[in-house]
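Residue-level structure breakdown
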Amino acid sequence: MKPKFKNPRAQHNFQGRPCSIAGVGSYVPERILTNAELEKMVDTTDEWITSRTGIRERRIAAVDEFTSDLAAKAAKRAMKMAGITADKIDLIIVATLTPDMQFPSTACLVQRKIGAARAAAFDVEAACSGFIYALEIGQQFILSRTYETVLVIGAEKLSSIVNWKDRNTCVLFGDGAGAAILQHRENTHGLLTAVMGADGNKADLLSMPGGGSACPATLESVAAGLHFLRMDGKETFKNAVNAMVSAAHEALRRCDIDITRIKCVIPHQANQRIVDAVGERLKATPEQIFVNLHKYGNTSAASVAIALDEVVASGKIQRGDLVLLVVFGAGLTWGAAVIEW
Ligand code: UT7
């Protein structure tokens, strides 16, 4: 295969064993929660939510619909597009911060639900950056020839950890899942590079303190609201823009391309103002940037996975076009990936 890029790190994948994205799929729950409904639940307005975030509605999973259910539905759609059956899958990686339970992993529950009996399975926890972390991990198994087919999923039921009495956070999040099938396929590219980063010194900006070994569930921890997501919105915002811009620059640099070569930029769908600020600093045109946060809010690890599926389904990109994914989340964590579709 003829390498297209000068940078050796990008060429590594081309000359070695390219990791293709053979299929993508997504699923969002049926129930739509609008800003107008939120006005009746907390002290907020449609005007505030729309102007500060761009979000108009979000999807909420049913009481008996869990992260693994959303993930399995997205996975089946990705498998259909890739033209594979569950027995072909060697590994399942689920990125989520809202697993069905502490253990077993959501990936194991997905394995059961889709019938991928041969697959190894584990979860990745990198909050909203999880899908890119999982893509990069999955890619490494393909490049090293350890596995032929890896199923990567970003899935969340954030409605299960949101405090529906806290207007600062409850208006922001939604539920959903997106999936991708990674394989080596001759004469196709796929994931060209993925950048990952983290800063644990800022762990307190966005967290759910209760439920782990530091703060197991007690009557007191529940009463204190420690099992809900909490966020310092303003600080998170600033960090998000800076980290996403530098991760995107690093990914482009590794591929030795500039932003004009990118057909579609898919930023983490947290806030329209963050998307605009990142787009402006990357010098991307509005036509390049994909946004669906008005429909789904922030779906954390599922965010760019759902968006990638929608971009593909809409025909906005054709095989061979370059796509830039860029993410940010709790940890803090961030990442960026360049994909040749
Ligand atoms: O996915 C992981 C990463 N997460 C993010 O990237 C989220 C980053 N942060 C943000 O998107 C924004 O900071 C928010 C949307 C969370 C908040 O926007 P902001 O412009 O930073 O608002 P703020 O936090 O400065 O709050 C401004 C005011 C406050 O009132 P006072 O103290 O000025 O009187 C809030 O109490 O807006 C108030 N407020 C609300 N008012 C109506 C906060 N939430 C609401 C609400 N409705 N839902």
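Report follows, based on the coordinates. All of these numbers come straight from a predicted model, not from anything done at the bench. Along each chain, residue indices are assigned from 1 in the same order as the chain's sequence is written. A pLDDT threshold of at least 70 governs which residues receive local features in this predicted model, and a stricter bar of 80 or more applies before side-chain atom pairs are shown or counted, although totals over entire chains, interfaces and linings include all residues. Side-chain metrics rest on all non-hydrogen atoms present in the structure, leaving aside hydrogens and water.

Points about the overall build of the chain
A tally of regular secondary structure across the chain gives twelve helices and 13 strands. Reported as C-alpha extents along the three principal axes, the dimensions of the chain are approximately 60 × 45 × 35 Å. Within the chain, the proportion of its 341 residues that are buried is 57%. Whether two residues touch is decided by their heavy atoms; if any such pair falls within 4.5 Å, the residues are in contact. Put simply, of all contacts in the chain between residues at least 6 apart along the chain, 77% involve residues at least 24 apart. Here the open area of atoms and residues is found with the Shrake-Rupley method and a 1.4 Å probe, where only the protein chains shown may cover a residue. Here the chain has roughly 14500 Å² of accessible surface; of this, 53% comes from carbon and sulfur atoms. Here the chain contributes 38 positively and 36 negatively charged side chains, and the mean placements of these two sets differ by 4 Å. Think of it this way: any DSSP run of H or I at least four residues long counts as a helix, any run of E at least two long counts as a strand, and we number them from the N terminus. Burial classes follow relative accessibility: with a 1.4 Å probe on protein chains only, a residue under 20% of its type's maximum area counts as buried, one over 50% as exposed, and anything between as partly exposed. Residues scored as positive are Lys and Arg, those scored as negative are Asp and Glu, and His as well as the terminal groups of each chain are ignored. Just so you know, the charge point we use is NZ for Lys, CZ for Arg, CG for Asp and CD for Glu.

Re helix α10 (residues 272-282)
Those residues of α10 not exposed but buried are Ile274, Val275, Val278, Gly279 and Leu282. Seen end-on, α10 carries its buried residues on one side only, within an arc spanning 130°. Of the surrounding elements, those touching the buried residues of α10 are α9 (233-255), β11 (264-267), α11 (293-296) and β12 (322-329). Looking one or two places after α10, you find lysine 283, whose phi comes out positive at around 60°. The arc in question is formed by the directions pointing from the helix axis toward the C-beta atoms.

Digging into the environment of alanine 243
Following the sequence through the fold, alanine 243 ends up in helix α9. With relative accessibility at 9%, the residue alanine 243 sits in the buried group. In contact with alanine 243, not counting residues within four places along its chain, are Phe328 and Trp334.

Quick look at the sheet that holds strand β1 (residues 20-27)
When DSSP finds two or more bridges between a pair of strands, those strands are recorded as paired. Pairing is mixed across the open sheet formed by five strands, whose spatial order is β1-β7-β6-β4-β5. Every other strand in the sheet has two partners, leaving β1 and β5 (120-124) as the edge strands with one partner each. If you compare each strand with its neighbour and ignore which way they point, the axes differ by 15° on average. Where β1 meets strand β7 (residues 175-183), seven bridges bridge the pair, whose relative direction is antiparallel. Paired with glycine 23 across the two strands is isoleucine 181, which belongs to β7. Axis angles are defined between N-to-C directions and span 0 to 180 degrees, where every axis is a line fitted to C-alpha atoms and, for a helix, only to the segment in contact. In this fold helix α4 (residues 67-82) packs onto β1, β6 (149-157) and β7, with an angle of close to 135° to the strand it touches most, β1. Sheet contacts for helix α5 (residues 106-114): β4 (91-95), β5 and β6; angle to β4, the most-contacted strand, approximately 125°.

Focus on the sheet that holds strand β8 (residues 191-198)
Reading across from one edge, β8-β13-β12-β11 is the order of the four strands in this open sheet, with mixed pairing throughout. Looking at the sheet topology across the chains shown, the edges are occupied by β8 and β11. Sheet twist, expressed as the average angle between the axes of neighbouring strands with direction ignored, equals 10°. Here β11 pairs with β12 via four bridges, running parallel.

Here we look at the site of the ligand
Thr44, Lys234, His268, Asn271 and Asn298 are the nearest of the 22 residues found near the ligand. N or O atoms closer than or at 3.5 Å make up a polar contact, with two conditions inside protein: a donor-capable atom paired with an acceptor-capable one, and, for residues adjacent in sequence, both atoms drawn from side chains. Contacts to the ligand include glycine 233, whose backbone N or O atom sits 3.0 Å from a nitrogen atom. Contact distances for the ligand include 2.6 Å between an oxygen atom and a side-chain N or O atom of asparagine 298. When isolated, the ligand has an accessible area of 960 Å², and the protein chains bury 77% of it. Looking at the shell around the ligand, the elements with two or more residues in it are α3 (46-53), α7 (167-170), α9 and α10. Ranked by residue count, the leading element in the shell around the ligand is α9, at four residues. Ten residues, namely Ala, Val, Leu, Ile, Met, Phe, Trp, Tyr, Cys and Pro, are considered nonpolar, four, namely Asp, Glu, Lys and Arg, are considered charged, and the remaining ones, Gly among them, are considered polar. Residue composition of the shell around the ligand, grouped by class: nine nonpolar, eight polar and five charged. No fewer than three residues from each of domain 1 (8-188) and domain 2 (191-340) sit in the shell around the ligand. Neighbouring residues are identified by heavy atoms, a residue being near a molecule or strand if any of them is within 4 Å of it. In this document the domain limits rely on a domain assignment from an automatic tool or a database.

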